[in-house]
Amino acid sequence: MAQDDSRSPRVASPPDKAATKGVVFGLTAYTLWGCFPLFFAMFDGVPAWEILTHRIIWACLFLVMVVTLLGRWQPVKSALASPRSLPRVLGCALLIGFNWGLYIYAVESHQVLQASLGYFMTPLINVALGMLVLRERMSRLQGAAVAIAGIAIGVQLVGLGGLPWISLCLALSFGTYGLLRKQVTLDGLSGLFVETLILMPLGLLAVAWFEFSDLSHFGGSVRNTTLLIASGALTALPLLAFAGAARRLRLSTVGFLMYINPTLQFLIALLIFQEPLSPLQLVTFVLIWAGLLLYSLSAWHGRRGKT
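What counts and how
- Residues numbered from 1 in each chain as written.
- Predicted model: local features only at pLDDT ≥ 70, side-chain atom pairs only at ≥ 80, totals over all residues.
- Heavy atoms only, no water.
- Phe/Tyr/Trp six-rings, centres within 6.5 Å; stacked < 30°, edge-to-face > 60°.
- Helix = DSSP H or I, 4+ residues; strand = E, 2+ residues; numbered from the N terminus.
- Lys NZ or Arg CZ within 6 Å of the ring centre and 35° of its normal.
- Axes fitted to C-alpha atoms, helices over the stretch in contact; angles between N-to-C directions.
- Parallel < 35°, antiparallel > 145°, perpendicular 65-115°, else oblique.
- Left-handed = near helix turned anticlockwise from the far one by under 90°.
- Contact = heavy atoms within 4.5 Å.
- Nonpolar A, V, L, I, M, F, W, Y, C, P; charged D, E, K, R; others polar.

(A) Region of the structure containing the packing of aromatic side chains. Applying the stated criterion across every chain yields a total of 20 aromatic pairs. Taking the centre distance of 6.3 Å and the plane angle of 75° together, the rings of Phe 40 and Tyr 103 count as edge-to-face. Of this pair, Phe 40 sits in helix H2 (residues 36-40) while Tyr 103 sits in helix H5 (residues 86-108), placing them 63 residues apart in sequence. Taken together through their ring pairs, the aromatic side chains of Phe 36, Phe 39, Phe 40, Phe 43, Tyr 103, Tyr 119, Phe 174 and Tyr 177 make up a single cluster. Seen from the ring of Trp 100, Arg 55 lies directly overhead, with NZ or CZ sitting 4.3 Å from the centre.

(B) Broad picture of the packing of helix H9 (residues 188-212) against helix H10 (residues 222-248). With their axes 9 Å apart at the nearest point, H9 and H10 run at an angle of 160° to one another. Classified by the angle between their axes, H9 and H10 sit roughly antiparallel to one another. Our pair here, H9 against H10, has a crossing hand that is right-handed. Note on element contacts: H10 touches H9 through Thr 235, Ala 236, Leu 239 and Leu 240, opposite Gly 188, Leu 189 and Leu 192. Classifying every residue of the contact of H9 with H10 by side-chain character gives 5 nonpolar, 2 polar and no charged.

Below is the structure:
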């Protein structure tokens, strides 16, 4: 689930028409991301790490076609030819690969609630990382939001006897990915292609190992084989829709639409997968939602002050 700002110029369309298209693109992107648990739950007995390797390979191959059709090879070549940017791009690739694999594991182990909590926490993790790593100043509302998130984690630790490690790892990996991604001058599409391209050798080695060890599910059944191939296209399609939204909408609108993703995951976990929600878990979610409300108010006041 990689999400990044598009640096493409705004389209020359009437404002209302462009905004409407942007909302449609945004709704499409975040709805697809939010419904990913339904897709990954369809695999029959395929381990998360095998799904991950095929997701990387088929996403890379699908993106080769997309980049070629859109004529976007120049930024890709520039990134690969720049020694300074490669360490950051490699870091982005490893972080997003880890994030994808852990997310698939969360779905397969019936812990979608933890996954949704992780993506609810991500904006607050971004604020904390900005302060700690980039020395950004934190507003009072942002500080309160991060403090509430800390209390929510403490509630889980004390009440349930352990940290919500899936939530924390998803939020930290995606937050750190975003931190590095800002330092790489690549748009979302080109960036995802370069990241999957870097991970491709590892993916091919893993697939070869699965085959050599007679553990591969690729080709074993039409269902699993089709799903493994489709995972590549499904990785890229939401990003293309997101890029269309980012070109046409204000950042505040895109930020508001972002909450559709974890909200859908939360509802799918409760209503479709029927995962149990204990009172302490509910308290954790309520605290995180309160923190997000403060974060949103802070962002709104900040933008209002600049107008």
